[in-house]
Amino acid sequence: MRTQYYTAASLDGFIATEDHSLEWLFQLGDINDTGYPDFIAGVGALAMGASTFRWMLDHVVKPDSPAGGEPWPYTQPAWVFSNRTQPLIPGADLRFVRGDVRPVHAQMREAAAGKNVWIVGGGDLVGQFHDAGLLDEIIVQVGSVTLGSGRPLLPRRIAFPPLHLKEARRIGPGFAELRYDVPHPAGPAS
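Residues numbered from 1 in each chain as written. Predicted model: local features only at pLDDT ≥ 70, side-chain atom pairs only at ≥ 80, totals over all residues. Heavy atoms only, no water.

**Digging into the environment of Ala45**
Going by this rule: Numbering of helices and strands runs from the N terminus; a helix is a DSSP stretch of H or I covering at least four residues, while a strand is a stretch of E covering at least two. The rule is simple: take the accessible area with a 1.4 Å probe, protein chains only, and divide by the maximum for that residue type; under 20% is buried, over 50% is exposed, in between is partly exposed. Contacts: residue pairs with any heavy atoms within 4.5 Å of one another.
Looking at where Ala45 falls in the secondary structure, it is placed in strand 3 (residues 43-49). Looking at Ala45, the relative accessible area reads 0%, which means it is buried. If we skip the residues at most four places from it in the chain, Ala45 touches Gln76, Pro77, Trp79, Met108, Ala112, Asn116, Val117 and Trp118.

In structure tokens, the structure reads:
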């Protein structure tokens, strides 16, 4: 069981534009041609922040659209970290939480029943899991575009000790997938 950050990023290190757009990503290929199907099969629980949850509502589920959207894409229980009240999605196993990631991580590990925990999206939430010493692996599919600015891949300095590159592989003409182990230095998390 590992706690993983799986995401895509531009070559210059952004997961989305400043206005949360992922249009740059969709032109690069079909998600089913990447490592995602194998990755999601090993996930037992996931966590996301309010921005990622809102993006999923606005761009996938679309509850306010007359044409409707798609069903919630995850069968696993999902913890949504938010300081605001968020809407429920019929049929989705959503657990709305706030505060320290440590006690929530313990609940997620139990619910995952031996499978991995996925931190979806990015930003400060992944940083909080890292700061608490709970992040084990980063899997990033680096896309063949640059954005110049936007939402950073991981707004933390992780340099001493550095990440450990486990694997690098080409995925079609648009991506390189990099897998890193996150070191856990001795002593309390900073």
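**What about the sheet that holds strand 5 (residues 94-97)?**
Put simply, the test is: Should DSSP find at least two bridges between two strands, the strands are taken to pair. Structural elements are reduced to axes, namely lines fitted to C-alpha atoms, with helices fitted over the stretch in contact, and the angle between N-to-C directions of any two is expressed from 0 to 180 degrees.
With mixed pairing, the eight strands of this open sheet are ordered in space as 5-4-3-6-1-7-10-9. Edge strands, defined here as strands with exactly one partner in the open sheet, are strand 5 and strand 9 (164-171). Each adjacent strand pair in this sheet contributes to an overall mean axis angle of 20°, direction not counted. Two elements, strand 3 and strand 4 (residues 78-81), share four bridges in a ladder whose sense is parallel.

**Things to note about the environment of Gly123**
Tracing the backbone shows Gly123 in the loop between strand 6 (116-119) and helix 5 (124-131). Taking C-alpha positions, Gly123 is 26 Å from Asp64, a pair spaced 59 residues apart along the chain.

**Brief notes about the packing of aromatic side chains**
Inclusion rule: Only the six-membered ring of Trp is used, alongside the rings of Phe and Tyr, when aromatic pairs are assigned; centres must lie within 6.5 Å, and planes under 30 degrees apart are stacked while those over 60 apart are edge-to-face, with the rest tilted.
All told, the structure shown has 11 aromatic pairs when counted by the stated rule. Each ring, one from Phe53 and one from Phe96, has its centre 5.6 Å from the other, and the planes form 85°; the classification is edge-to-face. Of this pair, Phe53 sits in helix 3 (residues 50-61) while Phe96 is found in strand 5, placing the two residues 43 residues apart along the sequence. Exposure remark for Phe96: the relative accessible area of 33% places this residue in the partly exposed category.

**Side note on the environment of Ile171**
Position of Ile171 among the secondary structure elements: in strand 9. Look at Ile171 and you get buried, because its relative accessible area is 7%. Separated by 39 residues in sequence, Ile171 and Ala132 have C-alpha atoms that sit 32 Å apart. In this structure Ile171 touches Asp33, Thr34, Gly35, Gln141 and Glu177, once residues within four positions along its chain are discounted.

**Side note on the side chain of Gln76**
Tracing the backbone shows Gln76 in the loop between helix 3 and strand 4. Not counting residues up to four positions away in its chain, the partners in contact with Gln76 are Ile40, Val43, Gly44, Ala45, Leu46 and Asp93.

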